[in-house]
Amino acid sequence: MSTPDEHELVAMVPGVPYGDGIVDGGSQETDAVGGRPPRHQAALHLSSVLPALSSAIGHPIPTRVHDDPAGLRSALGLPEVRSAIVVLVDGLGFWNLVSRAGHARYLRSLLNDSANQRPLSTCVPSTTVAAMGVFGTGTCPGLTGMTGYTQRNTDNGRICQLIQFRDAPDPLDLQRVPTVFEGLADEGVRVTSCGMPRFEHSALTRAALRGADYRCGTTAHDRLSAACESARTPGLTYVYIRDVDKTGHAQGWESRDWAATVERVDSQIAYLRRCAPAGTLLVIVADHGMVSAREEDRIDMASRPRLDEGVAMMGGEPRAPMLYLHEDADPADVIGRWKAELGDRIEMMTREQAISRGLYGPVDPRVAPMIGDVVAWSCGHTTIVDSREQTDLATRLPGVHGSRTMIETDVPCLIDVVPRRSR
Ligand SMILES: [Zn+2]
């Protein structure tokens, strides 16, 4: 497999349109680039994974953006099975993984299979809350109302944070789209989620992943064992692994610690292959990738007063700021000032432009005002921070994500079936 060069990895990629298409994704660039599989095919998106899996286990659950789960199943190359385990590794981008494949013995063996060499695209922005909503509902941020790490709470006009739902609406009120887990459970299908006790009733779980029977495990081994056990009954099992993202933020994805974390997570997933019942389908995905931030590319709003003009609040995150403007401010003027100050370090558009380009998928009128009046995407290794409001640590994270570059957008979808054991 040819790997893009450093420059290409941090260049913006056009978003994949939401839908079921496999050949005609509605984009001009459907041809393979550099010998790599084509992108811009609507089916090859994180939102397709659970609808495709629902079809794979014989209980197709269509969603508001995917009405053909069987088509998605074949587009992703999933076999028909009785039982499946989907593992979501937070922050394990496709190209991050490929670059450190030497530390991932099991996942590397899957990457050697050409069927696993096509990345999926995550949503815009490439961040956990948005991607979890997209994954869990099989839809898009424009419908889930989960449009960024932080966003405007339309109940009170202030900024809320959607990892812990700090100052946020009730998760069931914000995210009203039924989840695929709920759809399966309604059909009487077993759905099991194996996670840490603290996430069982977390707001994010209730918003994006409700409907599963939750099995708590204090250690990774407990959770993986519970997953193997659950897979004996037909149905779907979900396992979430958080460490790769955590280490990536703290140490950067190019650090030794990150590689060591990938090595550990790889052996955890390999355990599933050893211990799950023969015939179980394993699918390994991620919510987003990660890019290295650089000190020289850090833009601090505190030292650039011109960037404040017209801006009432900033939401989003360092790679995907969302600007909420004062009522009398003109978005075009704000964009003009930011572009004059930051040039090609940032790509900007008005909310209306972003929506009409389909970046958020179909947008519910209820959700539109949650998105910034102006949305921006950091280019290259740039981060946009505000030392007046964020801790020093938060403004200097060596690993970040949220923007629309290839390294942040492309996520793996690795497929395996547990073999029969020879005795
Ligand atoms: Zn993260």
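Residues numbered from 1 in each chain as written. Predicted model: local features only at pLDDT ≥ 70, side-chain atom pairs only at ≥ 80, totals over all residues. Heavy atoms only, no water.

Looking at an unreviewed UniProt entry, the protein chain carries the name Nucleotide pyrophosphatase, with the source organism given as Bifidobacterium minimum.

(A) View of the nonpolar core. Residues Leu53, Val86, Leu107 and Phe135 are the most contacted members of the largest nonpolar core, which totals 102 residues. Ranked by residues supplied to this core, first place goes to helix α13 (residues 256–275) with seven residues. Shared between two domains, this core takes at least three residues from each, and those domains are domain 1 (6–292 + 406–417) and domain 2 (295–400). Once you skip the residues sitting within four places of it in the chain, valine 86 turns out to touch Val49, Leu50, Leu53, Phe135, Leu236, Thr237, Tyr238, Val239, Val283 and Val285. Within the second largest apolar cluster, 16 residues are counted, among which are Met301, Ile335, Ala376 and Ile384. (Core = buried A, V, L, I, M, F, W, Y, C linked by side-chain atoms within 4.5 Å. Buried < 20%, exposed > 50% of the residue type's maximum accessible area, 1.4 Å probe, protein only. Helix = DSSP H or I, 4+ residues; strand = E, 2+ residues; numbered from the N terminus. Domains from an automatic or database assignment. Contact = heavy atoms within 4.5 Å.)

(B) Fine view of the environment of leucine 78. Position of leucine 78 relative to the elements: it lies in the loop between α3 (69–76) and β1 (83–89). For the pair leucine 78 and glycine 372, spaced 294 residues apart in the sequence, the C-alpha separation amounts to 37 Å. Excluding anything up to four places from it in sequence, leucine 78 contacts Ala52, Leu53, Ala56, Arg73, Leu281, Val283 and Ile415.

(C) Structural view of the coordination of the zinc ion. Coordination of the zinc ion by the protein involves Asp245 (OD), Asp245 (OD), His249 (NE2) and His401 (NE2), with metal-donor separations of 2.1 to 2.4 Å. Around the zinc ion, the four donor atoms sit at angles spanning 55 to 154 degrees, and that spread fits a shape best called irregular. (Donors = N, O, S within 2.8 Å, 3.2 Å for Na, K, Ca; no water. Tetrahedral: all angles 85-135°; square planar, octahedral: opposite > 155°, others 65-115°.)

(D) Representation of the packing of helix α11 (residues 220–230) against α13 within the structure. For the pair α11 and α13, interaxial distance at closest approach is 10 Å and the crossing angle is 30 degrees. Classed by the angle they form, the pair α11 and α13 counts as roughly parallel. Every pair of crossing elements has a handedness; the one defined by α11 and α13 is right-handed. In contact with Ala220, His221, Leu224, Ser225, Ala227 and Cys228 of α11, α13 contributes Gln268, Tyr271, Leu272 and Cys275. Its residues placed into classes, the contact of α11 with α13 shows seven nonpolar, three polar and no charged. (Axes fitted to C-alpha atoms, helices over the stretch in contact; angles between N-to-C directions. Parallel < 35°, antiparallel > 145°, perpendicular 65-115°, else oblique. Left-handed = near helix turned anticlockwise from the far one by under 90°. Nonpolar A, V, L, I, M, F, W, Y, C, P; charged D, E, K, R; others polar.)

(E) Examining the pattern of salt bridges more closely. Counting across every chain of the model gives 19 salt bridges. Here arginine 319 makes a salt bridge to glutamate 408, at a shortest N to O gap of 2.8 Å. Here arginine 319 is found in the loop between β11 (311–317) and β12 (320–325), whereas its partner glutamate 408 is found in helix α17 (residues 406–409), with 89 residues between them in sequence. Arginine 319 sits in the buried class, given a relative accessible area of 0%. Taken together, the shared-partner salt bridges connect Glu295, Arg298, Asp392 and Arg396 into one network. (Salt bridge = Lys/Arg side-chain N within 4 Å of Asp/Glu carboxyl O.)

(F) Here's a closer look at the sheet that holds strand β7 (residues 235–241). Taking strand neighbours across the sheet as the criterion, the six strands line up as β6-β5-β7-β1-β8-β18 in an open arrangement whose pairing is mixed. Strands with a single pairing partner mark the edges of an open sheet, and in this sheet they are β6 (213–216) and β18 (413–417). The average undirected angle you get between the axes of adjacent strands in this sheet is 20 degrees. With four bridges connecting them, strand β5 (residues 190–195) and β6 associate as parallel partners. Each bridged residue has a counterpart across the sheet, and for threonine 192 the counterpart in β6 is aspartate 213. Strands β1, β5, β6 and β7 of the sheet are contacted by α11, whose axis makes an angle of about 170 degrees with β5. (Pairing = 2+ DSSP bridges.)

(G) How the structure looks around the environment of proline 69. Along the polypeptide, proline 69 turns up in helix α3. Here proline 69 falls in the buried class, since its relative accessible area comes to 5%. For the pair proline 69 and glutamate 347, spaced 278 residues apart in the sequence, the C-alpha separation amounts to 34 Å. Those residues in contact with proline 69 that sit more than four places away from it in its chain are Pro51, Ala52, Ser54, Ser55, Pro60, Ile61 and Pro62.

(H) Just the sheet that holds strand β13 (residues 346–350), in detail. As summarised here, the arrangement of the four strands in space is β11-β12-β14-β13, forming an open sheet in which the pairing is antiparallel. At either end of the open sheet lies a strand with only one pairing partner, and these are β11 and β13. Strand-to-strand twist of the sheet, defined as the mean angle between neighbouring strand axes without regard to direction, takes the value 20 degrees. As paired strands, β12 and strand β14 (residues 374–378) are joined by two bridges and run antiparallel to one another. When the sheet's bridge partners are listed, leucine 323 is paired in β14 with valine 374. Relative to the sheet, helix α14 (residues 331–342) contacts β11, β12, β13 and β14, its axis offset from that of β13 by approximately 175 degrees.

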